[in-house]
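Tertiary structure, described
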Amino acid sequence: MQIIEATTDHIYNIQVLSDIIWPVTFKEILSQEQIKYMMDMMYSTSSLEKQMTELNHHYLLAEEDGEYLGFVSYEINYKGTQTTKVHKIYVLPSTQGKGVGRFFIDTVSKIAKKNNNTILSLNVNRFNKAIEFYKRMGFDFHASENIDIGNGFLMEDYIMNKTLS
Ligand SMILES: CC(C)(COP(=O)(O)OP(=O)(O)OC[C@H]1O[C@@H](n2cnc3c(N)ncnc32)[C@H](O)[C@@H]1OP(=O)(O)O)[C@@H](O)C(=O)NCCC(=O)NCCS
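Numbering of residues starts from 1 in each chain and follows the order in which that chain's sequence is written. This being a predicted model, a pLDDT of at least 70 is required before a residue's local features are given, and a value of 80 or more before pairs of side-chain atoms are given or counted; all residues contribute to the totals for chains, interfaces and linings. Working from all heavy atoms in the structure, the side-chain values ignore hydrogens and water.

**Here's the deal with the overall build of the chain**
- Within the chain one finds five helices and seven strands.
- Numbering of helices and strands runs from the N terminus, with a helix taken as a DSSP run of H or I at least four residues long and a strand as a DSSP run of E at least two residues long. N-terminal to C-terminal, the α/β element order of the chain is β-α-α-α-β-β-β-α-β-α-β-β.
- Computed over C-alpha atoms, the radius of gyration of the chain comes to 15 Å, within 12% of the 15 Å expected from 2.2 N^0.38 for 165 residues, which places it in the range of a compact globule.
- For the chain, the spread of C-alpha atoms along the principal axes amounts to about 40 × 40 × 35 Å.
- We call two residues in contact when some of their heavy atoms are within 4.5 Å. In the chain, once contacts between residues fewer than 6 apart in sequence are set aside, the share between residues at least 24 apart is 59%.
- All accessible areas in this document rest on Shrake-Rupley with a 1.4 Å probe, and a residue is counted as covered only by the protein chains that are shown. Here the chain has roughly 9100 Å² of accessible surface; of this, 48% comes from carbon and sulfur atoms. C-alpha atoms define the radius of gyration in this analysis, and the globule rule sets the expected value at 2.2 Å times the number of residues to the power 0.38.

Below you can see the structure in the form of C-alpha cells.
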C-alpha cells in the first residue's frame, strides 16, 4: 500500500470513495436527507476544489494495486494554533480493520510534528463507532458540540484530541 498526496485531479476518486463509504457509515445515525445534504456540502466538486485550493485542506489517498482504499484530509496550524485538524478519514468498508486508518493517523501525526504542531484534533459524530478507533489511536474526549449546518440539520459531535509526543 502507498500513500498519495491528492490534487484536484483526484477529486473524482475521492467522490467515488465517499459515495460508497458515507451511506454505509451513517445509515443508522443520520436521515437519508441529512446524508445527501452533508455529502453535497462536503464532497461536491466545487466544495472539494475550495478545500484544496483555498482552505489548505490536504488530502492523502491510500492506494494498492491500482485501487484507492480510502482518504484522509487534514489542515496544519488550524485556526492559527499548533493544532492539526483531521477533517475527514474514510476507509472502504471492505478494507476496514486492516490497518489503513492507523496508517493515516500515523502519517498525519508525522506531518503535524514536522510542522511543529503538538495536537491532532477532530470532530466525530457522538453515535459513530469510529470513536473506539480514535480512543485506540490515543485520542481523548475534549468537548461536545452541536453544529447547525442549515436546513434544520445538526451535527452532534464530540471533539477528540491527541497530544503528539
Ligand atoms: C474509522 C476508520 C477510519 C478506522 O480505520 P480502519 O482502517 O478500519 O482501522 P484500523 O484497522 O487501522 O484499526 C486500528 C485499531 O483500531 C481498532 N478499531 C478500528 N475500528 C474500531 C471499532 N469500530 N471499534 C473498536 N476498535 C476499532 C482496530 O481493532 C485496531 O486495533 P489494534 O490496535 O488492536 O490493531 C474506518 O473504520 C472507517 O472509515 N470507518 C467508517 C467511516 C468513519 O466513520 N470515519 C470517521 C468519521 S469521523
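Once you've had a look at it, read on.
**Focus: the pattern of salt bridges**
- Salt-bridge detection follows one rule: a side-chain nitrogen of Lys or Arg within 4 Å of a carboxyl oxygen of Asp or Glu. Summed over the entire model, instances satisfying the criterion amount to one salt bridge.
- Taking the shortest distance from any N to any O, the salt bridge between K135 and E132 comes out at 3.3 Å. Here the residue K135 and the residue E132 both occupy positions in helix 5 (residues 130-136), the gap between them amounting to three residues, near one helical turn.
- For K135, a relative accessible area of 40% puts it in the partly exposed group. Any residue under 20% of the maximum accessible area for its type is buried, any over 50% is exposed, and the rest in between are partly exposed; the area is computed with a 1.4 Å probe on protein chains only.

**A closer look at helix 4 (residues 100-114)**
- Here helix 4 is 15 residues long and its end C-alpha atoms lie 21 Å apart, about the 21 Å a rise of 1.5 Å per residue gives.
- Along helix 4, the residues that are buried comprise V100, G101, F104, I105, T107, V108, S109 and A112.
- A positive phi of about 60° marks N116, the residue just after helix 4. The span you would expect from a helix comes to 1.5 Å times its residue count less one.

**Notes on the site of the ligand**
- Being near a molecule or strand, for a residue, means having at least one of its heavy atoms within 4 Å of it. Inspection of the region around the ligand gives 21 residues, with V91, G97, G99, G101 and R102 positioned closest.
- Each polar contact in these results corresponds to two N or O atoms within 3.5 Å; when the atoms are within protein, one needs to be able to donate a hydrogen and the other to accept it, and residues that are neighboring in sequence are counted only if both atoms are side-chain atoms. Here an oxygen atom of the ligand and a side-chain polar atom of R102 are 2.4 Å apart.
- R136 is positioned such that a nitrogen or oxygen atom in its side chain is 2.9 Å from an oxygen atom of the ligand.
- For the ligand, the protein covers 75% of the area, taking 920 Å² as the surface of the free molecule.
- Residue assignment for the shell around the ligand shows that the elements contributing at least two residues are strand 4 (83-91), helix 4, strand 5 (119-125) and helix 5.

**Considerations on the packing of aromatic side chains**
- Two aromatic rings, drawn from Phe, Tyr or Trp (for Trp, its six-membered ring), form a pair once their centres lie within 6.5 Å of each other, and the interplanar angle then sorts them: stacked below 30 degrees, edge-to-face above 60, tilted otherwise. On inspection of all chains with the given rule, the structure shows ten aromatic pairs.
- Pairing W22 with Y90 gives two aromatic rings, centres 6.0 Å apart and planes at 35°, and the pair type is tilted. Here the residue W22 occupies a position in helix 1 (residues 11-26), and Y90 occupies one in strand 4, the gap between them amounting to 68 residues. As far as burial versus exposure is concerned, W22 and Y90 are alike and both buried.
- Here F71 and Y90 contribute two aromatic rings whose centre-to-centre distance is 5.7 Å and whose plane-to-plane angle is 35°, an arrangement assigned as tilted. One end of the pair, F71, is in strand 3 (residues 67-75); the other, Y90, is in strand 4, with 19 residues separating them in the sequence. Both residues of the pair, F71 and Y90, count as buried.
- Through a chain of ring-to-ring contacts, the aromatic side chains of W22, F26, Y43, Y59, F71 and Y90 assemble into a single cluster.

**Some words on the nonpolar core**
- The biggest cluster of nonpolar side chains holds 24 residues, and the ones touching the most others in it are L120, Y134 and F139.
- Taken together, the elements giving at least two residues each to this core come down to strand 2 (58-64), strand 3, strand 4, helix 4, strand 5 and helix 5.
- Per-element tally for this core: the top contributor is helix 4, with five residues.
- With near-sequence residues (within four places) excluded, Y134 lies in contact with I89, L122, V124, F139 and M160.
- Within the second largest apolar cluster, 23 residues are counted, among which are I21, L30, I35 and M39. The definition of a nonpolar core used throughout is a set of buried Ala, Val, Leu, Ile, Met, Phe, Trp, Tyr and Cys residues joined through side-chain atoms within 4.5 Å.

**As for helix 1**
- For helix 1, which comprises 16 residues, the first-to-last C-alpha distance of 21 Å matches the rise-based estimate of 22 Å (1.5 Å per residue) to within 8%.
- What the bend at a residue measures is the angle between two axes, fitted to the seven residues ending there and to the seven starting there. By the largest-angle criterion, S18 marks the main kink of helix 1, which is about 30°.
- Within the span of helix 1, buried status applies to I11, I14, Q15, L17, S18, I21, W22 and F26.
- The elements touched by buried residues of helix 1 are helix 2 (32-43), helix 3 (45-53), strand 2, strand 3, strand 4 and strand 5.

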